[in-house]
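The chain contents come next:
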Amino acid sequence: METRSALITGITGQDGSYLAELLLSKGYRVSGLVRRLSSPNMSHLAGIQGRIEILDGDLMDQHSLNEAVRRSAPTEVYNLAAQSFVGTSFTQPVLTGEITGLGVLRLLDAVRAEAPSARFYQASSSEMFGQVDREPQDESTPFHPRSPYGVAKVYAYWACVNYREAYSMYISNGITFNHESTRRGVEFVTRKVSDGVARIAAGQTDAITLGNLDAKRDWGYAPDYVELMWRVLQHAAPGEFVGATGESHTVREFVQEAFAVAGIRDWEKYVRVDPKLNRPAEVYNLRGDASKAKRELGWEAKTRFKELVRIMVSADMDRVAKAAGR
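Residues numbered from 1 in each chain as written. Predicted model: local features only at pLDDT ≥ 70, side-chain atom pairs only at ≥ 80, totals over all residues. Heavy atoms only, no water.

**Q** Is there a simple way to explain unusual backbone geometry in this structure?
**A** Most peptide bonds adopt trans geometry, and most residues besides glycine take a negative phi value. The omega angle of the peptide bond from E135 to P136 is 0 degrees, so this bond is cis rather than trans. For A73, which is not glycine, the phi dihedral falls at a positive 40 degrees. Looking at where A73 falls in the secondary structure, it is placed in the loop between α2 (62-72) and β4 (76-79). Overall, A73 belongs to the partly exposed group, its relative accessible area being 45%. The residue S168 is not glycine, and still its phi comes out positive at about 55 degrees. By the secondary structure assignment, S168 is in the loop between α5 (148-167) and β6 (171-176). Taking the relative accessible area as the measure of exposure, S168 reaches 68% and is therefore exposed. (Helix = DSSP H or I, 4+ residues; strand = E, 2+ residues; numbered from the N terminus. Buried < 20%, exposed > 50% of the residue type's maximum accessible area, 1.4 Å probe, protein only.)

Structure, rendered in structure tokens:
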């Protein structure tokens, strides 16, 4: 049987590193696209770096994408790269559009030119739904994005549908709701909270500053979601699939649960709210319906909210203790 090969963009990030580990465990040859930086952060790949091929490339540079696809000769392409921080998309909207929107078009064109029979997965986002008019949201829910990031993801989504229909390529959109882990960047609210709680518990700081505590999200665990990404590309036909837990919780609930894991009850005295951290246009309630993924792919989220918070806070408490030499 021919060895399957995968090209992963965004391989150094949370999802990319978990996906690379999953594919290696299934016998894939794995290549990863990495933007050339003076010192790229490869920490998430520490355990597997010798088993994957790293290729230089940038979603803003067409030639590098064509070359990466040609060299990796993939049977599957997973596009996980993006300017993925919603807050930054308001201060850098054009850059976000170039990478998160047009970058996908460039990659689609590279795959069409160099590996047209490869199966393509696009990491679409629940942020595309934005200001929702129904709950929960599924594959048929209209898009009303509320950030330049969400707008760019909608552009990429429809570019994928267009290339699938125009060129008969196998291209699927995975519309995943928020998924977190110990590899999440500290600029994201869940990791900001877990890291902050760990530091407060260790006596290193006395407060966490947050924005809107009332925003509700459907939070899952990243390793569960990369399993969905793989299953999407094993399906007989391409299409769109929502990945979600079906539960939503407020930022306040996440904070409360995080402090509870650390054994701190009076959490309010450690949290400061700064309206300046609110988005110019907020998304208030995202909750997904992943019944299509369960029905057609046999996938469902395994890790529930309280367990996710426990995993993240416990890992950050261990990390902070180790760094302090305890």
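**Q** Could you clarify how one ought to interpret the packing of helix α8 (residues 251-261) against helix α10 (residues 305-323) in this entry?
**A** Two numbers describe a pair of packed helices, the interaxial angle and the distance between the axes. At a minimum axis separation of 9 Å, α8 and α10 run at an interaxial angle of 55 degrees. By the angle between their directions, the pair α8 and α10 is classed as oblique. As α8 packs across α10, the resulting crossing turns out to be right-handed. Contacts between α8 and α10 involve E253, F254, E257, A258 and V261 from the former and F305, K306, V309, R310, M312, V313 and S314 from the latter. (Axes fitted to C-alpha atoms, helices over the stretch in contact; angles between N-to-C directions. Parallel < 35°, antiparallel > 145°, perpendicular 65-115°, else oblique. Left-handed = near helix turned anticlockwise from the far one by under 90°. Contact = heavy atoms within 4.5 Å.)

**Q** Which parts of the structure should I look at to understand the pattern of salt bridges?
**A** Oppositely charged side chains are able to pair whenever their charged atoms sit close together. Within the structure shown, the criterion is met by 21 salt bridges. Across the pair R112 and D109 runs a salt bridge, and its minimum N-O distance is 3.5 Å. Linking R112 with D109, this pair stays in helix α4 (residues 93-114), spanning three residues, or about one helical turn. Given the relative accessible area of 33%, R112 is considered partly exposed. For D109, a relative accessible area of 27% gives the class partly exposed. R272 serves as the salt-bridge partner of D206, at 3.9 Å between the closest nitrogen and oxygen. Here R272 lies in strand β13 (residues 271-273) and D206 lies in the loop between α6 (189-201) and β8 (208-210), a separation of 66 residues in the sequence. Each of R191, D195, R199, D316 and R319 takes part in a single network of salt bridges with overlapping partners. (Salt bridge = Lys/Arg side-chain N within 4 Å of Asp/Glu carboxyl O.)

**Q** Explain the environment of E139 here, please?
**A** Within the secondary structure, E139 sits in the loop between β5 (119-125) and α5. Taking C-alpha positions, E139 is 9.3 Å from G288, a pair spaced 149 residues apart along the chain. At a separation of 2.8 Å, a polar atom in the side chain of E139 contacts the main-chain amide nitrogen of V242. (Polar contact = N/O pair within 3.5 Å; in protein donor to acceptor, adjacent residues only side chain to side chain.)

**Q** How should I be thinking about the sheet that holds β4 in this particular structure?
**A** Adjacent strands of a sheet pair through backbone hydrogen bonds, lying either parallel or antiparallel. Here we have seven strands laid out as an open sheet, ordered β3-β2-β1-β4-β5-β6-β11, and parallel in their pairing. Unpaired on one side and paired on the other, β3 (53-56) and β11 (240-243) mark the two borders of the sheet. When the angles between neighbouring strand axes are averaged without regard to direction, this sheet yields 20 degrees. The pairing of strand β1 (residues 5-9) with strand β2 (residues 29-34) spans five bridges and is parallel. Of the residues in β2, the one forming a bridge with T9 is L33. (Pairing = 2+ DSSP bridges.)

**Q** Can you walk me through the packing of aromatic side chains in this structure?
**A** Each aromatic ring pair is described using two quantities: the centre-to-centre distance and the angle formed by the ring planes. Within the structure shown, the criterion is met by 11 aromatic pairs. Ring centres 5.9 Å apart and planes at 35 degrees place the aromatic pair F129 and F177 in the tilted group. In this pair, F129 sits in the loop between β5 and α5 while F177 sits in the loop between β6 and β7 (179-180), placing the two residues 48 residues apart along the sequence. Classification of F129 as buried rests on a relative accessible area of 0%. On the accessibility criterion, F177 (1% relative accessible area) is buried. Connected via pairs of aromatic rings, a cluster forms that spans F129, F143, Y157, W158 and F177. One Lys or Arg, R112, reaches over the ring of Y167 and ends 4.1 Å from the middle of that ring. Above the ring of F188, the side-chain terminus of R184 is found at 3.8 Å from the ring centroid. (Phe/Tyr/Trp six-rings, centres within 6.5 Å; stacked < 30°, edge-to-face > 60°. Lys NZ or Arg CZ within 6 Å of the ring centre and 35° of its normal.)

**Q** Please explain the pairing of β4 as it appears in this structure.
**A** Successive residues of a regular strand alternate their side chains across the two faces of the sheet. Side-chain alternation along β4 places E76 and Y78 on one buried face and V77 and N79 on a second face that is also buried. Note: β1 against β4, four bridges, orientation parallel. Of the residues in β4, the one forming a bridge with A6 is E76. Where β4 meets β5, four bridges bridge the pair, whose relative direction is parallel. By the bridge assignment, N79 is partnered in β5 with Q122.

**Q** Whenever I open this one, α2 confuses me. Can you help?
**A** A turn of α-helix holds 3.6 residues, and therefore any two residues three or four places apart point the same way. Of all the residues in α2, the buried ones are S64, L65, N66, A68, V69 and S72. Buried residues along α2 sit in contact with β1, β2, β3 and α4.

**Q** It is not clear to me how the packing of α2 against α4 should be interpreted in this structure. Could you clarify?
**A** Contact geometry of α2 with α4 gives a least axis separation of 9 Å together with a crossing angle of 45 degrees. With respect to each other, α2 and α4 are oriented oblique. Viewed along their axes, α2 and α4 form a crossing whose handedness is right-handed. Taking contact as the criterion, the partners of Q62, L65, N66, V69 and R70 in α2 are, on α4, G103, R106, L107, D109, A110, V111, A113 and E114.

Interpretation note: all reported values are geometric properties and have no functional meaning in isolation.
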